[in-house]
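Topology and contacts: notes
Now for the letters of each chain:
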Amino acid sequence: MKRSRPPSRSRSRTRSRSLNVRALVALAVLAGAVAIALTMPVRLGLDLRGGTQIVLETKSTETTKADREATDRTVEVLRGRIDALGVAEPTIVRSGENRVVVELPGVQDPEKAADVLGRTAQLTVHSVLGPAENPAARDGERVLPDESGQSLRLKDATLTGQDVKGADARFDQQGGAGWHVTVDFKDAGSGRWARVTGEAACHPAGDPQRRVAIVLDDKIISSPQVDPSVACGAGITGGSTQITGSFDDTEARELALLIKGGALPVPVETIEQRTIGATLGDEAISAGAWAAVIGTALTALFIIVVYRLMGALATVALLCYGLISYAALAAVGATLTLPGLAGFVLAIGMAVDANVLVFERAREEQAARTRPSTRSALTAGYRSAFSAIADSNITTLIAAALLFFLASGPVKGFGVTLGIGVLASMVSALVITRVLAEFAASRPAVFRRPRITGISSTGPVRDALLRRNPFLMRRPRRWLAASLIVLVVAGSGILVRGLNFGIEFTGGRLIEYSTATQVDPDRARDALADAGFPRAVVQSSGDGDLTVRTEELTDAEAATVTKAVAELGGETEKVRDELIGPSLGEELRRDALIALGLALAAQLAYLAVRFRLLFGTAAVGALAHDVVILVGVFAWLGKPIDGVFLAALLTVIGYSVNDSVVLFDRIRELLGKERRTPFDRLTNDAILQTLPRTVNTGMGAVLILASLAVLADDSLTDFALALLIGVGVGTYSSVFTASPLAIELHHRDAGLRPGRRKGGRARASGKSEKPGKQVPTSRTERQEVR
């Protein structure tokens, strides 16, 4: 016994050091989060706080008419500029034939924003012919003042903005040149740039003709001399150059976004600029907040009841998760909308998942009696659950990154929120909860009373499964047939009823009223809902006008809207009545679909590398099953397919993949231990072992979503309904769609024909009633397991 003490003390010291390091990391993260939360408020979206509305009007030129097509192209260029400005969750719609309504939440300098949006950004590059003695330009020349005010004679443009691939503002730390803008040219532009700089290099240093003029909107923004190292006729090759000058960071970034954003197809003029109110009333916001509080409290209570002391500590860690996520949103300048707030609260419920995984694995360790103490069981639980936590979160981070880099608008914003939520949940579960749990488990009072920890017993769900040991995967094709039937019934709604696209996708009608007495937007929303327009978007403006945005209306329906407003505001006059285009335009939808497709392909590739190709295929197949069912149910119900539904759909995609990954991680673990167990039996064992985690995690999400569905505003009710359907279908599909599909793919890969086996109720040891009928593990499987 004396010889065993030094190793024990050594292990104890190692554990203490690890606990201390994690505690310091947790304190540092929390301290940083508190500092950010107190000093950097989160920007609220148009639905929660309102913002600035800028109305732009497109103007015809000699070559281009400002028609609907040109205005739609202008909308897409403006969207790119607004993304570059850092304004998240804007609303940009075409109004009438040649107007664009831009709504920007939380913009600090609306005049500057209007100036940047309205500039045509026509970029041209010219050879310099020398100083201009006469301000009048000759044929084929232009005369413009340079940065110092000296007039220069310029040749016609050699390059235009169409030759530019991209631009970035950068700071030269090594050379000390300060801020500059790097411009990258397309293939054709690269050759033209080499030619114009090669011609300039043939003149001696100091000669004005050695300069190249870069002109933006008829103003020379830079006219640098070609470096002496550039040979005559050779020019600057490589397809890239730098615009240098006395730039500060703001000027450099503004110039880069104007060049990168592209030229407007037609000039625009700012005709109106004003402050607008929130699209949601105080009652709706209050109801959503109360639903979030009640749902979070119910989830915390459920976790505490199931896991007792460990559940209480996990609840504390989840509160820390909320703080970290809020601070991260503030730090990156994200805009928080009401659907985003609901998704943020839902993420708190789903962040329970990592804790549940750890606690269930610790319960298994305790039940097997392989660990002498609660703390040892917890340590083993974290070690065993880490791969499942890492794989499920990495697949979600892959999707979030691709949505952020490839999509735009609200889809890009969702990628930011999703990525922040995943990273914060991992810090909460793997650092904060672990510090609290290991500290509590090492207390003598807890050591003497292991039952209060909540992980000393297996729990009622696991006990029931151990008693019955059902062979759910005895006939996998029956489960696939059932899934196919549900898929066809739900999906047929898309063909039979069609999709009810919301105003964001289809456009509609915008009517602005001037009333004798100021109308409260909340009362107007209620009155329009009673009149048959429950989804009308109502906003007040700084000058007391009222704006109503609806789907397309007949003249009779428009008259009904006007009558409802007049009953509240007295004498009413229409200030504006125009058709508006979709705020989620064709380009945004295309980018979103491309980003989503690449995200699914990247997830499939990751799962194929980490597991096997058949697991990745089964997970993506179950995901497609969930998406079609959710869209189909909304089609049958006649619910709108709008921006809120899009956020819910993206959330369901992440949830579905996570569920499948956790199950497949357990199958992979069992493959390494029980190589001679038939694959269908082994998959069944994995389902039974992970089902308690699935039930407990699902309950945490359902409690929050049910609160949102019952208590929140109509738009959030649809959001919660979509997520409730998604969570239910995702939980089902991970067990009864992904698993049977994996079994079928495995049998095809192994060249086996699945049939009914005898000894279906054999124990997890893999011994059937007739050992001779047992299916050996294939050589391919053995190689991949290793």
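What follows covers a nonpolar patch on the surface. Nonpolar side chains collect at one region of the surface, where Trp290, Val293, Ile294, Leu298, Val710 and Leu711 lie side by side and expose about 570 Å² of accessible area between them. Of all the elements in the fold, those that place two or more residues in the nonpolar patch are α6 (282–331) and α20 (679–711). For the nonpolar patch, the element with the most residues is α6, which contributes 4 residues. One can find Ile294 in helix α6. The exposure class of Ile294 is partly exposed, given its relative accessible area of 33%.

Over its 33 residues, α20 extends 46 Å from the first C-alpha to the last, a length consistent with the 48 Å expected when each residue adds 1.5 Å. At Thr690, α20 shows its maximal kink, close to 45°; a proline, Pro692, follows between one and four residues later.

Enumeration according to the criterion identifies 30 salt bridges in this entry. Between Glu141 and Arg153 there is a salt bridge, with the nearest N and O atoms lying 3.2 Å from each other. Taken together, the residues Glu141 in strand β6 (residues 141–145) and Arg153 in strand β7 (residues 151–155) connect sequence positions 12 residues apart. Its relative accessible area of 17% is what places Glu141 among the buried residues. Here Arg153 falls in the buried class, since its relative accessible area comes to 18%.

A separate point is the confidence of the model for the protein chain. Per-residue pLDDT for the protein chain has a mean of 80; in total, 86% of the residues score no lower than 70. Taken as a whole, residues 1–7 scores under 50 in pLDDT and shows 0 contacts with residues more than four places along the chain or in a different chain. In this model, residues 753–786 is a region of pLDDT below 50 whose contacts with residues beyond four sequence positions or in other chains number 55 contacts.

Let us now look at the packing of helix α18 (residues 613–637) against helix α19 (residues 643–673). Packing of α18 against α19 leaves a shortest axis separation of 9 Å and a crossing angle of 150°. Classified by the angle between their axes, α18 and α19 sit roughly antiparallel to one another. The crossing of α18 and α19 is right-handed. Facing Phe615, Ala618, Ala619, Ala622, Leu623, Asp626, Val627, Leu630, Val631 and Phe634 of α18, the residues of α19 in contact are Phe645, Leu649, Val652, Ile653, Ser656, Val657, Ser660, Phe664, Ile667 and Leu671.

Defined simply, a disulfide is a covalent bond joining two cysteines at their sulfur atoms. Counted under the stated rule, the structure contains 1 disulfide. The residue that forms a disulfide with Cys202 is Cys232, at a sulfur-sulfur distance of 1.8 Å. In this structure, the disulfide formed by Cys202 and Cys232 twists by about 85° around the S-S bond and is classed as right-handed. With Cys202 in the loop between α4 (187–200) and β11 (212–216) and Cys232 in the loop between β12 (220–222) and β13 (240–247), this residue pair connects regions lying 30 residues apart in the sequence. Residue classification places Cys202 among the partly exposed residues on the basis of a relative accessible area of 41%.

Considering all chains together, one arrives at 7 cavities of 30 Å³ or more under this definition. Of the voids in this model, the largest cavity is the one considered here, and its volume is about 70 Å³. Looking at the largest cavity, the residues that line it are Thr396, Ala399, Leu403, Phe414, Leu418, Leu596, Ala599, Leu600, Leu650, Ile653 and Gly654. Elements with a minimum of two residues in the lining of the largest cavity: α9 (374–406), α10 (409–441), α17 (586–610) and α19. Here the lining of the largest cavity is composed, by residue class, of 9 nonpolar, 2 polar and no charged. As for the second largest cavity, its lining consists of Asp659, Val662, Leu663, Ile687, Thr690, Leu691, Arg693, Thr694, Ser734 and Val735. Counting only elements with at least two residues in the lining of the second largest cavity, the list comes to α19, α20 and α21 (714–736). Here the element with the most residues in the lining of the second largest cavity is α20; it accounts for 5 residues. The class makeup of the residues in the lining of the second largest cavity is 5 nonpolar, 3 polar and 2 charged.

Parameters and conventions
- Residues numbered from 1 in each chain as written.
- Predicted model: local features only at pLDDT ≥ 70, side-chain atom pairs only at ≥ 80, totals over all residues.
- Heavy atoms only, no water.
- Patch = residues over 30% accessible without salt bridge, like charges linked within 9 Å, V, L, I, M, F, W, Y side chains within 5 Å.
- Areas by Shrake-Rupley, 256 points an atom, 1.4 Å probe, with all protein chains shown as cover.
- Salt bridge = Lys/Arg side-chain N within 4 Å of Asp/Glu carboxyl O.
- Helix = DSSP H or I, 4+ residues; strand = E, 2+ residues; numbered from the N terminus.
- Buried < 20%, exposed > 50% of the residue type's maximum accessible area, 1.4 Å probe, protein only.
- Expected span 1.5 Å × (residues − 1).
- Bend = angle between axes of the 7 residues up to and from the residue.
- pLDDT = per-residue confidence, 0-100.
- Contact = heavy atoms within 4.5 Å.
- Axes fitted to C-alpha atoms, helices over the stretch in contact; angles between N-to-C directions.
- Parallel < 35°, antiparallel > 145°, perpendicular 65-115°, else oblique.
- Left-handed = near helix turned anticlockwise from the far one by under 90°.
- Disulfide = S-S within 2.5 Å.
- 1 Å grid on protein atoms, 1.4 Å probe; cavity = no way out; pocket = protein on both sides within 12 Å on 5 of 7 lines; lining within 4 Å.
- Points joined across faces, edges and corners; volume = space filled by probe spheres on them.
- Nonpolar A, V, L, I, M, F, W, Y, C, P; charged D, E, K, R; others polar.

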